[in-house]
Amino acid sequence: MSQTRLRSSLLMAPALVWLTALMVVPCALVLALAFFRRGIYGGIEYTFTLENFGLVFDPLYAGIFLKSARIAGTATLIAVVIGYAAAYAISAAPCRLQPVLLFFAVLPFWSNYLIRTYAWIVLLNREGLITQLLRWFGYTGEPPSMLYTEGAVIAGLVYNYLPFVILACYAPLSRLNPELAEASRDLGASAITTFRRVILPLTVPGIAAGAVFVFVLSIGNFVTPALLGGGRFQMIGNLVYDQFLTANDWPFGAALAMMLIAIMLLVLMAQALAADRASGRAIEASGGADG
């Protein structure tokens, strides 16, 4: 037993060292930085204070947090609905076609994030492809204002993170025991009832994982709001970026970053609890089906 534990520890050591050096230590340094003051001319004044964390809850910055959460939540909801439908369709396709469909689902990841975001600028600007398409269909009015809006930011977030949801939802759907749905239909349940009471509860872990991916990545995103929002829709990621590289207020930027990390940890904890409960229901359902 001791040799097994030693072997396991040795195998985990590189990953633990990597995570400690590149995640734990930087986060600890950022946390420590949040307890100091900004110097008169920028930089850091090593005087202990809690003012930075108090400033985070100022109505101005709290409003940016709430707005970021609303935009990220909206993008998450849209991505989960579209991604789950796509994953369900892929899992229901013939086995020989599923790898091809998954390939097309993750194909956007083969290009750079910035390139994918700039593509939306080409689509949404007043002389872009969508406007040209409308004119081809006979539209002669003022071109709609689609770029530099909140909708453009949400569309960009959904597009860039949708493959995460598809993959996360496809995994439990592909492993789902088809006998459960057959038993439900044999007992007189309709297709909608079978989906709502059998299939959907058993795939909650995948939905939760996909939703966490989109929400966590969206709420801290600063590239998409800057490019597709044109600076009109500042999210918390943009605020942290500005504090470090524009205002030169590293302590306050560190406090904002730590608050963002705390929100992400709460979301991850909620996802873990949802996954545990769903796993318990899956075990009960499997036991009932075997019986």
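Definitions and limits used
- Residues numbered from 1 in each chain as written.
- Predicted model: local features only at pLDDT ≥ 70, side-chain atom pairs only at ≥ 80, totals over all residues.
- Heavy atoms only, no water.
- Helix = DSSP H or I, 4+ residues; strand = E, 2+ residues; numbered from the N terminus.
- Buried < 20%, exposed > 50% of the residue type's maximum accessible area, 1.4 Å probe, protein only.
- Contact = heavy atoms within 4.5 Å.
- Areas by Shrake-Rupley, 256 points an atom, 1.4 Å probe, with all protein chains shown as cover.
- Lys, Arg positive; Asp, Glu negative; His and termini not counted.
- Charge placed at Lys NZ, Arg CZ, Asp CG, Glu CD.
- Arc of directions from axis to C-beta.
- Core = buried A, V, L, I, M, F, W, Y, C linked by side-chain atoms within 4.5 Å.
- UniProt positions renumbered as here; feature names shortened; annotations may be inferred.
- Salt bridge = Lys/Arg side-chain N within 4 Å of Asp/Glu carboxyl O.
- Patch = residues over 30% accessible without salt bridge, like charges linked within 9 Å, V, L, I, M, F, W, Y side chains within 5 Å.

(A) Seen up close, the overall build of the chain. Along the backbone of the chain there are 13 helices and two strands. In the chain, buried positions account for 35% of the 291 residues. In the chain, 68% of the contacts between residues at least 6 apart in sequence involve partners at least 24 apart. When the accessible surface of the chain is split by element, carbon and sulfur atoms take 70% of a total near 17,100 Å². Taking the average location of the 17 positive side-chain charges in the chain and that of its 14 negative ones, the two points are 4 Å from each other.

(B) Molecular detail of the environment of Ala86. Along the chain, the position of Ala86 falls in helix H3 (residues 59–92). Looking at Ala86, the relative accessible area reads 24%, which means it is partly exposed.

(C) Region of interest: helix H8 (residues 178–186). By the burial criterion, the buried members of H8 are Leu180, Ala181 and Ser184. One face of H8 carries all of its buried residues, which in axial projection span an arc of 95 degrees. Relative to its buried face, H8 has exposed residues pointing more than 90 degrees away, namely Pro178, Glu179 and Asp186.

(D) Main features of the nonpolar core. Among the nonpolar cores identified, the biggest contains 33 residues, and Leu157 and Leu228 are the most heavily contacted of them. Contributions of two or more residues to this core are made by H3, helix H4 (98–106), helix H5 (113–124), helix H7 (150–174), helix H10 (204–219) and helix H11 (223–228). Counting residues per element, this core draws most heavily on H7, which supplies twelve residues. Each residue touching Leu157, except ones within four places of it in the same chain, is listed here: Ile71, Ala75, Tyr113, Ser218, Asn221 and Thr224. Counting 21 residues, the second-largest nonpolar core is a separate cluster that includes Leu33, Phe215, Ala254 and Ala257.

(E) Spatial organisation of the UniProt feature "domain: ABC transmembrane type-1" (unreviewed entry) in the chain. UniProt's feature table lists "domain: ABC transmembrane type-1" (unreviewed entry) at residues 65–271, given in the numbering used throughout. Each end of residues 65–271 is marked by a C-alpha atom, and these two atoms are 20 Å apart; helix forms 76% of the span and strand 0%.

(F) Seen up close, the environment of Val216. Looking at where Val216 falls in the secondary structure, it is placed in helix H10. Given the relative accessible area of 18%, Val216 is considered buried. Sequence separation between Val216 and Leu123 is 93 residues; the distance between their C-alpha atoms is 26 Å. Apart from the residues within four sequence positions on either side, Val216 is in contact with Met264 and Val267.

(G) Representation of the pattern of salt bridges in the model. Under the counting rule described, the total for this entry stands at two salt bridges. The partner of Glu51 in a salt bridge is Arg37, with the nearest N and O atoms 3.2 Å apart. Of this pair, Glu51 sits in helix H2 (residues 51–56) while Arg37 sits in strand E1 (residues 37–38), and the two are 14 residues apart along the sequence. Arg37 sits in the partly exposed class, given a relative accessible area of 30%. With a shortest N-O distance of 2.5 Å, Glu150 and Arg70 are connected by a salt bridge. In this pair, Glu150 sits in helix H7 while Arg70 sits in helix H3, placing the two residues 80 residues apart along the sequence.

(H) Just a nonpolar patch on the surface, in detail. On the surface, Val100, Phe103, Phe104, Leu107, Phe109 and Trp110 cluster together into a nonpolar patch covering about 610 Å² of accessible area. Considering the arrangement of structural elements, one finds Phe104 in helix H4. Classification of Phe104 as exposed rests on a relative accessible area of 53%.

(I) Focus on the UniProt feature "transmembrane region" (unreviewed entry) in the chain. UniProt's feature table lists "transmembrane region" (unreviewed entry) at residues 15–36, 48–66, 72–93, 100–121, 152–173, 194–219 and 250–274, given in the numbering used throughout. Between the first and last C-alpha atoms of residues 48–66 the distance is 28 Å; the span itself is 74% helix and 0% strand. As annotated, residues 250–274 comprises 100% helix and 0% strand, and the C-alpha atoms at either end are separated by 36 Å.

(J) Representation of the side chain of Thr131 within the structure. Along the chain, Thr131 falls in helix H6 (residues 129–136). Not counting residues up to four positions away in its chain, the partners in contact with Thr131 are Asn125, Arg126, Pro143 and Met146.

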